[in-house]
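Fold and contact review
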Amino acid sequence: MKTFNINGSQFGVAFLEGNRDIIPSNVKKMEESLKEFGKNLMPMVYVKADDARLNGRKLKDAIDNTDVAEGDRASYIVVLDGQHRFKAAVNMAAAEEEGGFDTSKLVWEELKLEGNKTIEDALIEINSIGQMWKGKDYIGGLALRQPENEIVQFAKELTDFGVSAKTINK
């Protein structure tokens, strides 16, 4: 597990399985922004991976894409918003010929959910206000909210295989 300085502490970084896919063209845009400003202008939003609201949810290490074991969760944070920014920073840090990028300059914000708000509530809010959703994002959001709905889960699987939301809707 590779660790990063996040608000003064060392953590591994994980992504929540089922959140938005990483799109290489978006990572490239984020690399350009990081180069221009030297840091991310919008904080990356995270929760600690041992948050009880994540129980039963599959987490993937953001660097090597391996499953994060339940017993290792206290050593991780989970990025809810900023996966593209994080991937861009990691790519740039690895690019020695370009002078690299200091990942300790990344700006992070811990999300502390109150009351009965869920991780899914937060993800849907973040994803719907941060960037315009596409059809597959709506299906993904519904799949997060209704993990027991077989039809919705099948629709999500179809989008994962590249079937357009328009086709699925028909």
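Residues numbered from 1 in each chain as written. Predicted model: local features only at pLDDT ≥ 70, side-chain atom pairs only at ≥ 80, totals over all residues. Heavy atoms only, no water.

A tally of regular secondary structure across the protein gives 6 helices and 6 strands. Listing each helix as α and each strand as β along the protein from the N terminus yields β-β-α-β-β-β-α-β-α-α-α-α. Relative to the compact-globule value of 15 Å for 170 residues, the protein shows a C-alpha radius of gyration of 16 Å, a close match. Each of the 170 residues in the protein was classed as buried or not, and the buried ones make up 39%. Counted over contacts in the protein with a minimum sequence separation of 6, partners at least 24 positions apart contribute 72%. A total of about 10,100 Å² of accessible surface is found on the protein, and carbon and sulfur atoms cover 51% of it. With 23 positive and 28 negative side-chain charges, the protein shows a spacing of 4 Å between the two charge centroids. (Helix = DSSP H or I, 4+ residues; strand = E, 2+ residues; numbered from the N terminus. Rg over C-alpha atoms; globule rule 2.2 N^0.38 Å. Buried < 20%, exposed > 50% of the residue type's maximum accessible area, 1.4 Å probe, protein only. Contact = heavy atoms within 4.5 Å. Areas by Shrake-Rupley, 256 points an atom, 1.4 Å probe, with all protein chains shown as cover. Lys, Arg positive; Asp, Glu negative; His and termini not counted. Charge placed at Lys NZ, Arg CZ, Asp CG, Glu CD.)

Another point: the environment of N19. Looking at the element boundaries, N19 is found in the loop between β2 (9-16) and α1 (24-37). Sequence spacing of N19 and I124 is 105 residues, and the spatial spacing of their C-alpha atoms is 9.5 Å.

Moving on, we come to α1. An ideal rise of 1.5 Å per residue puts 20 Å on 14 residues; α1 measures up with 20 Å between its terminal C-alpha atoms. For α1, the full list of buried residues reads N26, V27, E31 and L34. Each buried residue of α1 sits inside an arc of 145 degrees when the element is viewed along its axis, so together they form one side. In this structure, α1 carries K28, K29, E32, K35 and E36 as exposed residues pointing more than 90 degrees from its buried face. Buried residues belonging to α1 abut α2 (83-94). A positive phi of about 80 degrees marks G38, the residue just after α1. (Expected span 1.5 Å × (residues − 1). Arc of directions from axis to C-beta.)

Oppositely charged side chains are able to pair whenever their charged atoms sit close together. Summed over all chains, the structure comprises 9 salt bridges. With a closest N to O distance of 2.7 Å, K60 and D67 form a salt bridge. For K60, a relative accessible area of 18% gives the class buried. By relative accessible area, which is 46% here, D67 ends up partly exposed. The closest approach of N and O atoms between D160 and K156, which form a salt bridge, is 2.7 Å. Of the two residues, D160 and K156 both sit in helix α5 (residues 150-160), 4 residues apart, roughly one turn of that helix. Among the residues examined, D160 registers a relative accessible area of 46% and is labelled partly exposed. Given the relative accessible area of 14%, K156 is considered buried. (Salt bridge = Lys/Arg side-chain N within 4 Å of Asp/Glu carboxyl O.)

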